[in-house]
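# An overview of the molecular structure
Chain by chain, the residues:
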Amino acid sequence: MRRLRLELPLAVQIGAVVVLFGAALGTLWYTSSRVVEREQRRARANERLREANDQLEALGRDAIAGVRPFPDFMDASDWSTLNRRLSDDAARIRERHPGIEGGYYLPSRPDQPFLPDLPRVASDHETGEGSGPAAHSVSPNRQSLYDYVDTQVDAAFRKKTVLSVVEDIAPYTIAIRTAPVRVGGRVVAATWTMTELVDPIYIDQSSRGYRWFAGLALAGIALSLILTINLAQTVRRQTAERERLRTELRRSERLAALGKLLAGVAHEVRNPLAGIRGITQLWQRGLGLGEEAHTHLIDEVDRLEGIVSRLLQFSRADAQDLAPGDLNAVVVEAGRLAEDRARAHEIRVELELEPILPQVEMAAPALVQVLRNLTTNAIQVMKRGDVLRLVTTYDAATASVSASVMDEGPGLSAEVMEHLFEPFFTTKPEGTGLGLAIAREIVLAHRGELRAENLAGGGAVFTLTLPAIQASSGRGAKL
Ligand code: ADP
């Protein structure tokens, strides 16, 4: 199937979905409220029919029960009295219920039609004696109505139960109720009531209108579904594109950082190399080399080695096997390693560990290295009697765990803050400026972040934050 792809601006798509959905819901609401209204009217009509029917039935029962013995030994005058009485009763009830037609049906003597209130086409049937409305002739349209009443009365009589129907008999829509009349446990007659449902919502045209409305609503919903799917596709495409751009950006950022790093390495390596070269040239010229020159040579080589081993840490930062581990354990180890140097400077090391810390994906030795770089810097800026604090926390809102190194040193100036994590940025005469750059690389390789801030009461805090392992996440990823 060809994938539907509307290249419309996102805002237009969202707008269209909202408008269409709103229109569809509005139409559905209108249609359903009209249907409910229609049902209410139908129920009201039924209620009125029932009332009239009950009255007819009660009167009919009394009238019939009053003629004894019914019906087998009735003579013509009994029939005529009963006929007149039922006819009068029916007329009274009709008067009491305007808009409702109704009467009796007594089929037990087919040779004497007893349909006092059912109008007939005069030529078709002989009407009962003294019957009021039955004397009128009716139009063929109406006649089909009464034919229908006939069948309903017949059905109620035979089934011995109340029947209630709404029927379209063009051009009318009518509600009919028919009920058996029982005398002494026998069904001896039936009553009928009928009313025309004249409200426009009962006319055929309006139900066609409904169908249109319902169709429109469905079309609206279908269209808004299509647009929603399209919208979801657009959002997914844009998310993927954003993710791709972010990856690209990270790549180019790292390439730029690598460029800077290499430039720094070249710069850093050049100084000791120049020193070594100078000493070697003196040597070449046969100039004697004193103890000082030897020491200088060894210092320069040490410096080169320091740079190389730091660079090795850099290259390792990216290629570590990550496995679920406990950050508290890493902090305890880093605290232990910092202890000796701290004691030498009369600095106290304190740990504040969050008791329940979710695991994180980590290469523990690399994270120990990060904390080591941080604690080394911290100890270097602190005075005697200061306290170095290592703190772990868990943030449930972002599902991340953190480890902070807090010192009581002078804090970070704006200028230092700006270049803090750049390779080879240092303010120390013997510094390499690689400690924080490496720490940050390692943390990034853990999909975490490393932040530096000044503490309100003086001193600096470096915080590394790593994503906590969610219950469903995979294990042992390799970056
Ligand atoms: P290095 O320690 O070799 O200088 P780093 O990358 O570890 O390299 O640190 C870079 C610079 O950041 C340091 O020279 C120092 O100026 C500053 N710095 C690092 N940690 C702290 C700290 N805890 N307090 C104040 N300044 C710091």
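Residues numbered from 1 in each chain as written. Predicted model: local features only at pLDDT ≥ 70, side-chain atom pairs only at ≥ 80, totals over all residues. Heavy atoms only, no water.

## Comments concerning the pairing of strand S11 (residues 460-467)
Residues in a regular strand point their side chains to alternate faces of the sheet. To keep it simple, the criterion reads: Each residue is placed in one exposure class: buried if its accessible area under a 1.4 Å probe, protein chains only, is under 20% of its type's maximum, exposed if it is over 50%, and partly exposed if it falls in between. What counts as a helix is a DSSP run of H or I of at least four residues, what counts as a strand is a run of E of at least two, and both are numbered from the N terminus. Two strands form a pair only when DSSP identifies at least two bridges running between them.
Counting buried positions along S11 yields seven of eight residues, so the element is predominantly enclosed. As paired strands, strand S9 (residues 400-406) and S11 are joined by seven bridges and run antiparallel to one another. By the bridge assignment, Ser404 is partnered in S11 with Thr463. The sheet contact formed by strand S10 (residues 449-454) and S11 spans six bridges and is antiparallel. Across the sheet, residue Glu453 finds its bridge partner in S11, namely Val461. In this structure, the hairpin formed by S10 and S11 is closed by a connection of five residues, where Gly458 is found at a positive phi of approximately 95 degrees.

## A look at the packing of helix H1 (residues 10-65) against helix H2 (residues 76-96)
How we decide: Orientation is described by axes fitted as lines to C-alpha atoms, over the contacting stretch for helices, and by angles from 0 to 180 degrees between their N-to-C directions. What sets the label is the angle itself: under 35 degrees gives roughly parallel, over 145 gives roughly antiparallel, 65 to 115 gives roughly perpendicular, and the rest give oblique. Less than a right angle of anticlockwise turn of the near helix away from the far helix marks a crossing as left-handed, whereas a clockwise turn marks it as right-handed. Note on contacts: a residue pair is in contact if any heavy atoms of the two residues lie within 4.5 Å. Residue classes follow a fixed rule: Ala, Val, Leu, Ile, Met, Phe, Trp, Tyr, Cys and Pro count as nonpolar, while Asp, Glu, Lys and Arg count as charged, and any other residue, Gly among them, counts as polar.
Close contact between H1 and H2 brings their axes to 10 Å; oriented N to C, the two are set at 160 degrees. Relative to H2, the element H1 is oriented roughly antiparallel. Like other packed secondary-structure pairs, H1 and H2 cross with a definite hand, here right-handed. Residue-level contacts link Ala52, Gln55, Leu56, Leu59, Gly60, Asp62, Ala63 and Ile64 of H1 to Leu82, Arg85, Leu86, Asp89, Ala90, Arg92, Ile93 and Arg96 of H2. Grouping the amino acids of the contact of H1 with H2 by side-chain chemistry returns nine nonpolar, two polar and five charged.

## Brief notes about the nonpolar core
What counts here: Only buried residues count toward a nonpolar core. Its members are Ala, Val, Leu, Ile, Met, Phe, Trp, Tyr and Cys residues joined through side-chain atoms within 4.5 Å.
In this structure, Leu327 and Phe462 are the most contacted members of the largest nonpolar core, which totals 47 residues. Top contributing element to this core by residue count: helix H7 (residues 364-381), with eight residues. Those residues within four positions of Leu327 in sequence are excluded, and the remaining contacts are Leu357, Met362, Leu367, Val401, Ser402, Ala403 and Leu466. Leu49, Ile93, Ile100 and Ala189 belong to the second-largest nonpolar core, a separate cluster that totals 21 residues.

## Focus: the side chain of Ser400
For clarity, the threshold we go by: Side-chain atoms alone can form a polar contact between residues adjacent in sequence; in general such a contact is a pair of N or O atoms within 3.5 Å, and within protein one must be able to donate a hydrogen while the other accepts it.
Inspection of the secondary structure puts Ser400 in strand S9. Looking at Ser400, the relative accessible area reads 9%, which means it is buried. Here Thr398 takes part through its side chain, which lies 2.8 Å from a polar atom of the side chain of Ser400. Contact partners of Ser400, with chain neighbours within four places excluded, come to Thr393, Tyr394, Asp395, Thr465, Leu466, Pro467 and Ala468.

## Regarding a negative patch on the surface
Put simply, the rule is: Exposure above 30% relative accessible area and the absence of a salt bridge qualify a residue for a patch, where like charges join within 9 Å and nonpolar side chains (Val, Leu, Ile, Met, Phe, Trp, Tyr) within 5 Å. Here the Shrake-Rupley method, with its probe set to 1.4 Å, supplies the accessible areas, and only the displayed protein chains count as covering residues. A pair is scored as a salt bridge if a Lys or Arg side-chain nitrogen falls within 4 Å of a carboxyl oxygen belonging to Asp or Glu. For this count, His and the chain ends are skipped, Lys and Arg are scored as positive, and Asp and Glu as negative. Note on charges: their place is set at NZ of Lys, CZ of Arg, CG of Asp or CD of Glu.
A surface patch of like charges, here negative, comprises Asp299, Asp302, Glu305 and Glu430. The topology assignment puts Glu305 in helix H5 (residues 291-317).

## Section: the confidence of the model for the protein chain
To keep things clear, this is the line we draw: The predictor rates its confidence in each residue with pLDDT, a number between 0 and 100.
Of all residues in the protein chain, 84% attain a pLDDT of 70 or more, and the chain-wide mean is 80. Across residues 110-135, where pLDDT falls below 50, the model places 61 contacts with residues more than four positions away in sequence or in other chains. Predicted confidence for residues 472-479 stays below pLDDT 50, and this span has 19 contacts to residues more than four positions away or in other chains.

## Some remarks on a nonpolar patch on the surface
On the surface, Trp29, Tyr30, Phe213 and Leu216 cluster together to form a nonpolar patch covering roughly 440 Å² of accessible area. Of all the secondary-structure elements, those providing two or more residues to the nonpolar patch are H1 and helix H4 (204-284).

## Remarks on empty space enclosed by the protein
The method is simple in principle: a probe with the dimensions of a water molecule rolls over the atoms, and the space it marks as empty is what remains. Heads up, the condition is: Points on a 1 Å grid, built from protein atoms alone, make a cavity when a 1.4 Å probe fits but cannot get out and make a pocket when they are open with protein on both sides within 12 Å along at least 5 of 7 lines; residues with an atom within 4 Å of a point are the lining residues. Grid points are joined across faces, edges and corners, and a volume is the space filled by probe spheres set on the points.
Per the stated rule, a full pass over the model turns up two cavities of 30 Å³ or more. For the second largest cavity, the calculated volume is near 30 Å³. Taken together, Ala52, Leu56, Ala90, Ile93, Arg94, Ile100, Glu101, Gly102 and Thr193 make up the full set of residues lining the second largest cavity. Looking at side-chain class alone, the lining of the second largest cavity contains five nonpolar, two polar and two charged residues.

## Quick look at H2
For clarity, the cut-off: A helix is expected to span 1.5 Å multiplied by its residue count minus one.
Given a rise of 1.5 Å per residue, 21 residues ought to cover 30 Å, and the 30 Å separating the end C-alpha atoms of H2 matches this to within 8%. Listing the buried residues of H2 in full gives Trp79, Ser80, Leu82, Asn83, Leu86, Ser87, Asp89, Ala90, Ile93 and Arg94. Buried positions along H2 lie against H1 and strand S1 (100-105).

## Examining the packing of helix H6 (residues 327-344) against H7
At their nearest, the axes of H6 and H7 sit 9 Å apart, and the two run at 40 degrees to each other. Relative to H7, the element H6 lies oblique. Once H6 is placed against H7, the crossing between them reads as right-handed. Across from Leu327, Val330, Val331, Glu333, Ala334, Leu337, Ala338, Arg341 and Ala342 in H6, the residues of H7 making contact are Ala364, Leu367, Val368, Leu371, Arg372, Thr375, Thr376 and Ile379.

## So, the site of the ligand
The line we're drawing: Proximity is defined per residue: if any heavy atom of the residue lies within 4 Å of a molecule or strand, that residue is considered near it.
As a matter of local geometry, the ligand sits amid 18 residues, with Asn377, Asp407, Thr426, Thr427 and Lys428 nearest to it. The side chain of Asp407 places a nitrogen or oxygen atom 2.8 Å from a nitrogen atom of the ligand. Between the ligand and Leu436 there is a distance of 2.9 Å, counted from an oxygen atom to a backbone nitrogen or oxygen. Considered on its own, the ligand offers 530 Å² of accessible surface; in the complex 94% of this is hidden by protein. Only H7 and helix H9 (435-445) provide two or more residues apiece to the shell around the ligand. Residue classes in the shell around the ligand are distributed as eight nonpolar, eight polar and two charged.

## Thoughts on helix H3 (residues 140-159)
In this model, H3 (20 residues) spans 28 Å end to end at C-alpha, consistent with the 28 Å of a helix rising 1.5 Å per residue. Of the residues making up H3, those classed as buried are Arg142, Gln143, Leu145, Tyr146, Val149, Gln152, Val153, Ala155, Ala156 and Phe157.

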